[in-house]
Amino acid sequence: MGPVRITARVDYAVRAAVELAAVAPDALTCDRIARAQEIPSRFLQGILGDLQHARLVTSQRGREGGYRLALPPSEISIARVMRVEQGFLAEVHGQRPEDVSYPGVAAELAGVWVAAREAYRRVLEEVTLADVVAGKLPGHVAQLVALDSAWRSFGDDPA
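Novice: Pulling in residues and values, what's your account of the packing of helix H4 (residues 78–86) against helix H5 (residues 109–124)?
Specialist: Think of two packed helices as two axes; the pair is described by the angle between the axes and how far apart they sit. Packing of H4 against H5 brings their axes to within 8 Å, and their N-to-C directions diverge by 115°. Listed contacts from H5 to Ile78, Ala79, Met82 and Arg83 of H4 are Tyr120, Arg121 and Leu124.

Novice: Tell me about H4, residues and numbers included.
Specialist: Every buried residue of H4 is accounted for by Ile78, Ala79, Val81, Met82 and Glu85. Down the axis of H4, the sector holding all buried residues measures 160°, keeping them to one side. Its buried side turned inward, H4 meets helix H1 (8–23), helix H3 (41–53), H5 and helix H6 (129–134). Among the residues trailing H4, Gly87 stands out with phi positive, at a value near 75°.

Novice: Let's hear about the nonpolar core: which residues, and what values?
Specialist: Within the largest apolar cluster, 33 residues are counted, with the highest numbers of intra-cluster contacts made by Leu20, Leu44, Leu48, Val81, Met82 and Leu129. Top contributing element to this core by residue count: H1, with nine residues. Sequence-distant contacts of Leu129, that is, excluding residues within four places in its chain, are made with Ala17, Val18, Ala21, Leu69, Pro73, Ile76, Ile78 and Val81.

Cut-offs applied
Residues numbered from 1 in each chain as written. Predicted model: local features only at pLDDT ≥ 70, side-chain atom pairs only at ≥ 80, totals over all residues. Heavy atoms only, no water. Axes fitted to C-alpha atoms, helices over the stretch in contact; angles between N-to-C directions. Helix = DSSP H or I, 4+ residues; strand = E, 2+ residues; numbered from the N terminus. Contact = heavy atoms within 4.5 Å. Buried < 20%, exposed > 50% of the residue type's maximum accessible area, 1.4 Å probe, protein only. Arc of directions from axis to C-beta. Core = buried A, V, L, I, M, F, W, Y, C linked by side-chain atoms within 4.5 Å.

If you want it as structure tokens, here you go:
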């Protein structure tokens, strides 16, 4: 399954969605979102198109035009936005963790990958755009953020 990788495209999509959540139900132009989040505008246009295709965002032309969320921010999880750009939240050699099996003594490893995906989901599925905008994460997520170890990468000197 490898390290948790959040690509630039996924990061930009979530940040754009948070910008739209902050003004919901109003709209923002691509350029305004790009400036606010320091995202290349041409790159962002493609991402907004992906979010529109996934029916998370709508667009409107004209003076009152721009992009807006298609649903209330409280109904859009971070995971839902991420999946638009990356598909599965976790995969092993291009397969879903539940579709992997190993021979012999490694058999239980498939269960480890499934459990790791579930832990990832428990954060990303349960945090909504509204939570991020409000600066108030769900309790169990806030507890994880509060851990000193959460802020260190494996191998970092804890001193």
